[in-house]
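In case you want the letters, here they are:
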Amino acid sequence: MEISMRLFGKILLVGFALAVICLGGCQSGMSCKLDEVLEYSPAGVWDGSGDGVELDRILGIGIDSKGRVYAPAGKDSVVVFSADGKILDTWGSGFEGKHGLRIFDDKVWVTELKDHVVRQYTLDGELLMTLGTEGVSGVGEKEFNRPSDVAIGPNGDIYVSDGYINTRVMRFSADGAFKQSWGTKGKGPGEFDLVHNIVIDKKGRVYVADRNNNRVQIFDADGKFLDEWTHLGKPYGLYVDEMTRVYVADGESNNVRVVNCRGVVLAMFGGTGTGVGEFKMSHSVTVDKQGNIYIAEGDGRRIQKFARRN
């Protein structure tokens, strides 16, 4: 459903910059716009009601090159939305344990908790690749245990956050050959307690939502620890854009933060609730070419869009 102009005007979410303070520690050799201020306003609440569709918990979200939004929002299927929230298509079946969804180069990647696999599809649902051994959990090079998310590096390498049980990052070549893994259970650098989301910037730095440790850890492409940000709440969802801004959805406080590559907070909005601009488990986040933010709600079973105003 679209937001009325009254509600649109009533709820104006204004971002803020925290000057030049590097709250989570500055990474050397990085240049960021420290004076940037971002502003967002609610632009739509998509709950399927306008199309007579009941949506399921939405735990992943992605956007294709034409601006269509994909989410594992059906009971056992992927739902395709137009940029204004109308349902265009659904495809797939058997996604009982669907979790993360990402789109890279117009290929749809879905992580499956129950089947312990990561699958790659075309935009209309044709299966192209499967990583992991379907129905088998484990710690081997071809096994996951409830994987949560996937990211693609600048060289085409595939990184999987594996995830709920194994608490590690797995790295594969573009054709699916195992290359390396890192991480164990713990609280130290390079250790994790629920590897929940993973994104990679254009220089190959890997950002990991270490959810139960309440931090984002940052690594180089080979898994060398670089930094951690501990001021962003409990990170559920991550996204990184071309300007190396990192978008963090905190599914506990239900705040969404946008930070620059040094961790400086540029904008924050949200809160717990069912109203416009509030969330019931802000689980995943993506951003379109215009800088608009889309938040997938787990318990809220809807998508909210926030328009970039500047």
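This text follows the structure it describes.
Scope of this entry: the structure provided in the associated data block.

Calculation notes
- Residues numbered from 1 in each chain as written.
- Predicted model: local features only at pLDDT ≥ 70, side-chain atom pairs only at ≥ 80, totals over all residues.
- Heavy atoms only, no water.
- Buried < 20%, exposed > 50% of the residue type's maximum accessible area, 1.4 Å probe, protein only.
- Helix = DSSP H or I, 4+ residues; strand = E, 2+ residues; numbered from the N terminus.
- Pairing = 2+ DSSP bridges.

**Some details on the pairing of strand S27 (residues 303-308)**
Inference 1: Counting buried positions over the six residues of S27 gives five, a clear majority of the element.
Inference 2: Two elements, strand S2 (residues 39-46) and S27, share six bridges in a ladder whose sense is antiparallel. Note on S27: the bridge partner recorded for Tyr40 is Arg308.
Inference 3: The pairing of strand S26 (residues 293-297) with S27 spans four bridges and is antiparallel. Across the sheet, the residue bridging to Ile293 is Phe306, located in S27.
Inference 4: Counted between consecutive antiparallel strands, the loop separating S26 from S27 contains five residues, among which Arg301 sits at a positive phi close to 55 degrees.

**Points about the sheet that holds strand S5 (residues 78-81)**
Inference 1: The strand order S3-S4-S5-S6 describes an open sheet built from four strands, whose pairing is antiparallel. If you trace the sheet from one side to the other, it starts and ends with strand S3 (62-63) and strand S6 (87-91), each paired once.
Inference 2: Relative to S6, S5 is paired through four bridges, and the arrangement is antiparallel. Bridging from a neighbouring strand, Val80 pairs with Asp89 of S6.

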